[in-house]
Amino acid sequence: MHSGMLSGMGTTDNQKRRRAERTRVFLQALCEHFPQCFTADRAAVRPLAIGIQATLKAALTEHETLAETPAWLVRQALARYTGSPAYLQAIIDGKPRINLQGETVEAVSPEAIAAAKDRRTQQKAAAEARRKAQAEAAAAERRAAKLNRLAEHFNNKD
């Protein structure tokens, strides 16, 4: 029963929205405190060093406003940052990995490039599916509105 309670944590829409907003704000803070590493400029995004999460957690303790950042928020922010199309493109382009100071630490592996290409392909397919579903929903809405207008027209003929 206890594990069921844990798996349900953070799953309501309101909780998801709050977590997403908190993650977005924390990412902004990372861009401000570690501008050589994190950026909102899509063209300037570079791959992060392997294992940067531990380095980041240690560095956060040195910042008064970020010292109490929960581990889940660090994980969530890094997942969001590294899952972005701009980040994946930086991997695909073979840009070197950097540390928190923006210094090059290692090359991106061919396996990482292949994984980024696969993930980007999945993102593009999901986006296309969403666009198609939205277009179909809009078309269905237009058909329903047209049918309603026709029904009103014939109902008012009496």
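Please refer to the structure higher up on the page.
Residues numbered from 1 in each chain as written. Predicted model: local features only at pLDDT ≥ 70, side-chain atom pairs only at ≥ 80, totals over all residues. Heavy atoms only, no water.

Draft legend 1. Structural view of the pattern of salt bridges. Evaluated as defined, the whole model comprises two salt bridges. Salt-bridge contacts for glutamate 21 lead to arginine 24; the nearest nitrogen and oxygen are separated by 2.5 Å. With glutamate 21 and arginine 24 both in helix H2 (residues 13–33) and three residues apart, this pair spans about one turn of that helix. Assessed through its relative accessible area of 37%, glutamate 21 is described here as partly exposed. (Salt bridge = Lys/Arg side-chain N within 4 Å of Asp/Glu carboxyl O. Helix = DSSP H or I, 4+ residues; strand = E, 2+ residues; numbered from the N terminus. Buried < 20%, exposed > 50% of the residue type's maximum accessible area, 1.4 Å probe, protein only.)

Draft legend 2. Examining the nonpolar core more closely. Counting 29 residues, the largest nonpolar core has Leu30, Phe34, Phe38 and Leu56 as the members making the most contacts within it. Secondary-structure elements contributing two or more residues to this core are H2, helix H3 (52–60), helix H4 (71–82), helix H5 (85–92) and helix H6 (110–155). It is H4 that provides the largest number of residues to this core, a total of five residues. Other than its neighbours up to four places away in sequence, phenylalanine 34 contacts Leu56, Ala59, Leu60, His63 and Leu100. (Core = buried A, V, L, I, M, F, W, Y, C linked by side-chain atoms within 4.5 Å. Contact = heavy atoms within 4.5 Å.)

Draft legend 3. Spotlight on the packing of H3 against H4. Look at H3 against H4: their axes get within 11 Å of each other, and the N-to-C directions meet at 130°. The orientation of H3 relative to H4 falls into the category oblique. Crossing geometry of H3 relative to H4 is assigned as right-handed. Of H4, the residues touching H3 (which contributes Ile52, Gln53, Leu56, Lys57 and Leu60) are Ala71, Val74, Arg75 and Leu78. (Axes fitted to C-alpha atoms, helices over the stretch in contact; angles between N-to-C directions. Parallel < 35°, antiparallel > 145°, perpendicular 65-115°, else oblique. Left-handed = near helix turned anticlockwise from the far one by under 90°.)

Draft legend 4. Representation of the packing of H2 against H4 in the model. As a packed pair, H2 and H4 sit with axes 9 Å apart at the nearest point and diverge in direction by 80°. One element, H2, and the other, H4, form an angle in the roughly perpendicular class. Contact residues: H2 offers Arg19, Ala20, Arg22, Thr23, Arg24, Phe26, Leu27 and Leu30, while H4 offers Trp72, Leu73, Val74, Gln76, Ala77, Arg80 and Tyr81. Residue classes in the contact of H2 with H4 are distributed as nine nonpolar, two polar and four charged. (Nonpolar A, V, L, I, M, F, W, Y, C, P; charged D, E, K, R; others polar.)

Draft legend 5. Main features of H5. Along H5, the residues classified as buried are Ala86, Tyr87, Leu88, Ala90 and Ile91. Next to the buried residues of H5 lie H4, strand E1 (97–98) and H6. Trailing H5 by a residue or two, glycine 94 shows a phi angle of about 75°, which is positive.

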